[in-house]
Amino acid sequence: MALIIKLVCLLPHLLPSEPTSFVGAFSPSALPARITASQLGIRRRTPFILQSSTLSREADVTAINNADDDGDNSSSPDNGDDDAVNVVLVTGFESFNRQLYEEAGRLLPPECKINLKVFADSDIQSNKESFSTAVQNADLFIGSLIFDYDDVVAVSSLLDNVNGPRLLFECATELMSYNRVGSFTMESSDDGDNAGPSGPPPAVKAILSKFSSGKEEDKINGYLKLLKFGPDLLKFIPGEKASDLRTWLEAYRYWNQGGRNNVKAMLQLVTQRWLLEHQREGGDEGQRAVAALESLTLPELEVTPDVGLLHPLLVGEGDGAMKFAANPKSYMEWRLSPACSELAKQQKFPLAPNDAPRIAVLLYRKHVITNQRYIQDLIRYFEAEGLIPIPVFINGVEAHTIVRDWLTSHHEIASVARGTIQRDSTYKPKEATSVDAIVSTIGFPLVGGPAGSMEAGRNVAIASTLLSHMQVPYIIASPLLLQSIPLWKSNGVMGLQSVVLYSLPELDGAIDTVVLGGLVGDRIALIPERVRKLCNRLHGWISLRKTPVEDRKVSIMLYGFPPNVGAVGTAALLDVPNSLEKLLRRMHLEGYDVGGFAMDADASGQSLVAALAILGEDPVIAGGVGRMQEAVERRMERARGGDNTVAETLAGPGGGLGGATVKGVDMKFDELEKIMGKYMTKKVRKAWPEKERGPGVNAKNEMVVAGLQLGNVFISVQPLLGVEGDPMRLLFERDLTPHPQYCAAYEWMRLPEEKGGAGSQAVIHLGMHGTVEWLPGQPLGNDRQSWSDEMIGSMPNVYVYAANNPSESILAKRRGYGTLVSYNVPPYGRAGLYLELANLKDLVSEYRSGEVSSSSSRSDLREAILGSCERTGITSDIELPNDAADLSDEAFDSWIATVSNYLVELEARLFSSGLHTLGALPTDKELSSYLNAYFNDRLSGEEIENVIAAWHEQQKKSKEKLQTMPDFFSWLQTFAGNFMGGNEDSSINAAETHATEKDLLKDEAMRIVDLLGKNVEEIDSVITLLDGGYVKPAPGGDLLRDGTSVLPTGRNIHALDPYRMPSAGAWARGERAAQEIIRQHLSANGGAYPETIAVTLWGLDTIKTRGESIAIVLALVGARPVKEGTGRTVCYELIPLNELGRPRIDILASLSGIFRDSFANVVDLLDDMFERAAVADESPDMNYIKKHTMELEAGGTERPAARLFSNPPGDYGSMVNEVIGNGDWEESEALGEIWKGRNAYSYGRKEGGGGTRSGTARPEVLDKLLSTTERVVQEIDSVEYGLTDIQEYYANTGALKKAAENRKPVDSSTGKKKKVAVSVIEAFGGTSDDSSKIPVRDVEDVLRMEYRSKFLNPKWRDAMLEQGSGGAYEVSQRMTAMVGWAATVNVDNFVFDQAAERYALDEDVANKLQKSNPEAFKNVVRRLLEASGRGMWDADEDTIEKLKSLYADADDLVEQVASSFV
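A few points on the structure. (Residues numbered from 1 in each chain as written. Predicted model: local features only at pLDDT ≥ 70, side-chain atom pairs only at ≥ 80, totals over all residues. Heavy atoms only, no water.)

## Remarks on the overall build of the protein
From N to C terminus, the protein includes 64 helices and 40 strands. Residue burial in the protein is summarised as follows: out of 1462 residues, 60% are buried. Long-range contacts, defined as pairs at least 24 residues apart, comprise 77% of the intrachain contacts of the protein with a sequence gap of at least 6. With an accessible surface of roughly 54200 Å², the protein has 49% of that area assigned to carbon and sulfur atoms. (Helix = DSSP H or I, 4+ residues; strand = E, 2+ residues; numbered from the N terminus. Buried < 20%, exposed > 50% of the residue type's maximum accessible area, 1.4 Å probe, protein only. Contact = heavy atoms within 4.5 Å. Areas by Shrake-Rupley, 256 points an atom, 1.4 Å probe, with all protein chains shown as cover.)

## Concerning the side chain of Thr 1049
Here Thr 1049 shows up in the loop between helix H45 (1039-1042) and strand S28 (1052-1054). Relative accessible area serves as the criterion here: at 0%, Thr 1049 is assigned to the buried category. Within the local environment of Thr 1049, its side chain forms a polar contact with the side chain of Asn 1015, the two groups lying 3.4 Å apart. Contact partners of Thr 1049, with chain neighbours within four places excluded, come to Ala 803, Ser 822, Tyr 823, Asn 824, Lys 1014, Asn 1015, Glu 1017 and Glu 1018. (Polar contact = N/O pair within 3.5 Å; in protein donor to acceptor, adjacent residues only side chain to side chain.)

## Remarks on the packing of helix H57 (residues 1288-1302) against helix H60 (residues 1365-1384)
In a packed pair of helices, the relevant descriptors are the angle between the two axes and the axis-to-axis distance. The geometry of H57 relative to H60 is characterised by a closest axis approach of 9 Å and an angle of 10° between their N-to-C directions. Taken together, the axis directions place H57 and H60 in an arrangement best described as roughly parallel. Here Tyr 1289, Tyr 1290, Gly 1294, Ala 1295, Lys 1297 and Lys 1298 of H57 lie close against H60, whose contacting residues are Thr 1376, Ala 1377, Gly 1380, Trp 1381, Ala 1383 and Thr 1384. In terms of residue class, the contact of H57 with H60 is made up of six nonpolar, four polar and two charged. (Axes fitted to C-alpha atoms, helices over the stretch in contact; angles between N-to-C directions. Parallel < 35°, antiparallel > 145°, perpendicular 65-115°, else oblique. Nonpolar A, V, L, I, M, F, W, Y, C, P; charged D, E, K, R; others polar.)

## What about the sheet that holds strand S19 (residues 661-667)?
Within the open sheet, the seven strands sit side by side as S19-S20-S21-S18-S22-S23-S24. Their pairing is mixed. Two strands close off the open sheet at either side, each with one partner strand: S19 and strand S24 (818-823). Within the sheet, the average angular offset between the axes of one strand and its neighbour, ignoring direction, is 25°. Looking at chain direction, strand S22 (residues 762-766) and strand S23 (residues 797-802) are connected through four bridges and run parallel. Directly across from Ile 764, in S23, lies its bridge partner Val 798. (Pairing = 2+ DSSP bridges.)

## Quick look at the pairing of strand S1 (residues 85-90)
Successive residues of a regular strand alternate their side chains across the two faces of the sheet. With five of six residues buried, S1 lies mostly within the body of the structure. For the handedness criterion, the β-α-β arrangement of S1, helix H3 (residues 98-106) and strand S2 (residues 114-119) is classed as right-handed. (Right-handed = clockwise from strand over helix to strand, strands pointing away.)

Here you go:
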């Protein structure tokens, strides 16, 4: 493997920054006449024989089961000769080549005496003493692929002991500077402004500057030519330095070509030189030794092509030696030839049919050179599974050139013929072939490979364009080269390996990553079952595309959890019913069979959702599938009869269902076993015995799977996960195996129709988010035992997901094989002021205007203001300094000024207004709201209106132009785009256009409007994926925080590079936030520092803020990020106490499951920081981490420095929200203990590799940290998801606060346990300016602000009521969250008062809620009554009686409707 491949670190030092083009500037004919081809060293390599390969699954399984990675793996074929040269060779991430290197050392001629010690990179830390001794005694050092920061530090600290040549290939930038051969070195010079690597002399640079192509993205690939010609050209450059550089390049050329003989030659080259320079013997014997050395001939370089194609059957006729095809076209001519078929028959080699799908497979050239068996096995498995592999080996940096120049597709061929796209001039039609999919075993970015990872995302546009032209799936699948199979099985894919296979390729739009195997000892082994998984998923995508549109069978799955609160057909920020309707009508236009729905003017998504809700009712399920159609029809009759407990939409002709009928199955357990297989069914049977089958079973104990069928489209609701009313079952059962009906739903969906199933070829999960990606299994890198892997199977999973949640979408993408299609957030609204708040603003304005002159009038006005502030709860936010009657006029005026400022802030607060409809163009009003929120007061309302009008005019002209010249205009756009190299969203250069600042703002507004106008691409992308195509990638985020980079939507969203956090901006903001948190705590606690602060680390806010919460942790501890040469964060160093100027604060880091799994590298770095802080040479009085660690050590606690806590491995959530949702709790203290029980698992570097599985329960350490926690910190990353909007905030932050308070002593002044404060940071506030103050507020203040601006705001309420059942559910879940906050923190009485007035006691609102979603309305009333019953809300008796009456009526109606079918 090559991480920073082929001189990526070296060549920037050797070559000018702008080398001239190699093409045309240099060719062999341009050389002096005396240089011949042979002198250039260009020789054809003799073909070599790869190891034989079999398709034996048993052999692989045996090897895996017998794997043992423990112990000292360094080798030392020491011959004990004192005259021998001591050579240390570090294999880096190529431990699988250890044996090859050892053999190469043993093959050296006797004149080259060496003591060779070969180490893997893992030995640097695990075998420190042996490694250190070897390097200190080494004469020569050779290292390759050393990147881990700790390894780099350890190696660099030892290299000065090596007196002879130091050869470092493809290592971290810091290590590359240690390269040295004679006078040639890469050490930095000290020439003032010219300081830097010394590099070669100018004459050498002049020659080397010719080795590059004209394309920026091909520059690294062009550098590879240097290794072919460089050493030979340097023969003619005078000077010792050029000669020494030549030796280095010659050594690297041997190393790069690889293979046992080339490595032997490299060792001979450097050893021979060293011995000649240091021959210690004198006299005749010494002369004979020198003569013998000089007489040695350096072995000829065995050259393998830089790129080529191979196949186990592609061998020489006489010698059976492996041959390489020169290009894909010649390869396919051979592969489809009768000769190939005949050879396959003779060798009993499985060949796929000639018309089978064709898959381009990108392989590491170095693995081909070193005869890695897994490559032949992989090719064989592909053939056996009915796929024709086109295996192209590359160095790693040129993957994009293969796609661009050698591959095409039916889509690209047709598009070129139509003139809608133009191929690159480098395309080679005589060498290219058409493929159905691309599989890369390389990982990394498509452009630049390992070298491209140095500036992750720089060339995404190039990769995206290439893959968009192809329109075939781009899949990453590889054995783990940095992890053993046992380590993957126990911890999932970890660290740098996860970045290589997931984070970086996802920037290019890669999907469906499959781990094919990993290291077994020092060998790469495939797991046959995982290769079959890859092949099945490829078949799934390709068969979808090749099936005629009218015959394609598609499932659409909606969300419906939690039960009995009106959640069916809901999703975060998405109007699911209208989105479903819009999608079905578009599918009809594309040729899909959606029954009569699209032709029925009365058909609606609302009706479909209402019918699906009926199918999910317990009494209906009890009757089984056979009676469900009757149940729906009876409900339609009730609706037509005016029954307002049934959705109005069912009263229309045909119930508004467009001819949809119920389809499903009552499945027996034995039938499930036949479909799913015994292996996974055994788990289900054990977890869910016959007497406890879980939800979704009928009266006969059969699993009921049902939905609505519209032509070839099956629409259903995702089964419930868990046991309704019994969340504690999930809490105490670690396995969390899904119940039988959950399994049956997915298995039956995929089961072919001829076998009695739905026969779905693809599934669309409509909206954020479902549960399949949260099922038990590997945290990252699914295996056979991962439930999401089993449920999705081979079905393409089109996952429609909110654009502003790149955190949870990672799970859908990686664990659930989801290809994401992002949808936009709803338009933003300003809270404004309403009712009593509007009146208060008028009173305050009147008072401050000075128009009231008489003292009596001012006194009356003062009393009115105070009364209004009391009624609205403003005095809780802005406390009166003294009793109101005792306030002086000056003090009251000052207080009034603060109230006025608060009202201004409240009035300007933003919220998401309503819900988004998939693929819907925003109205002018909605466009205006987006722009108003984005520009604030930088553009006036009139200016925004003018921008929107100008956009409409522009669209009109563009449409007219396209109608008159469609083909030419499309071609011209492509042609111009190729030359410009940019896109329509690039920024305007103010200096060039001489535009005013206002003009620039208007231009930016026009770009935003244009991007928002592309919302239609959301459904376009769904259709593209149903065609088996490729969707462009984009970062997830929201417009307000992340700008236009997140637009347009309809993209395959991804997260960011976890190795670059915190970013510079995040560090600046996080540091200021930490300072403000400490300042506020000191102010509230008499100047005392907090000993422990709990900080929640969530995936979502970490991604969207680029790591601000991480920066807060570092700043509180007194640490800062350290970055290496490529910008990668490699360490968090402790700031000296004398510089810090205060004590180090201890941290309880509460990790969400997504943060834990997605940012494993950050977890390791934080763990390392805490370990170092715990043993720092500092006083415990100034280092609370050390203080608490010492106290735990004294009690005999293991791992006392553990500070990173989360859920059990592979598990997610605190379960507190489930408990609140079901009302299954008595005292609020119990909620804190549930949180503690679910978050007692410690993570970090010290947990994964020391024999203790990562995720070790350490309740003693957690208990200690909770007992010392004085403050909790929570960051909010966006307008859309505030504290009051989702359940997770109170279920984690609120419950954590309660857990800490449970361990506090009783405060003598109050008679209650001491309170723990919660600091909330709204990360969408403030700026990146170093001088700006980060807003940090107490949780109670933020709750009041949010409730006033959103939930209690008639503007927000009315927007939700317009959304039908989905909007009603949004109201319902916020009412549940209010109870959750009241249970864990506190909710003011006025909030409950006004909530009751706004939603339950307002007759019109209550009727709308009940009519659109009866269960949601019932939950609203139920939560108000619960709050009163639990003492959270002090309501008057009259209000409670009204609520009870409402609840009884709602309950009776819901029960009446449900029982009408029983």
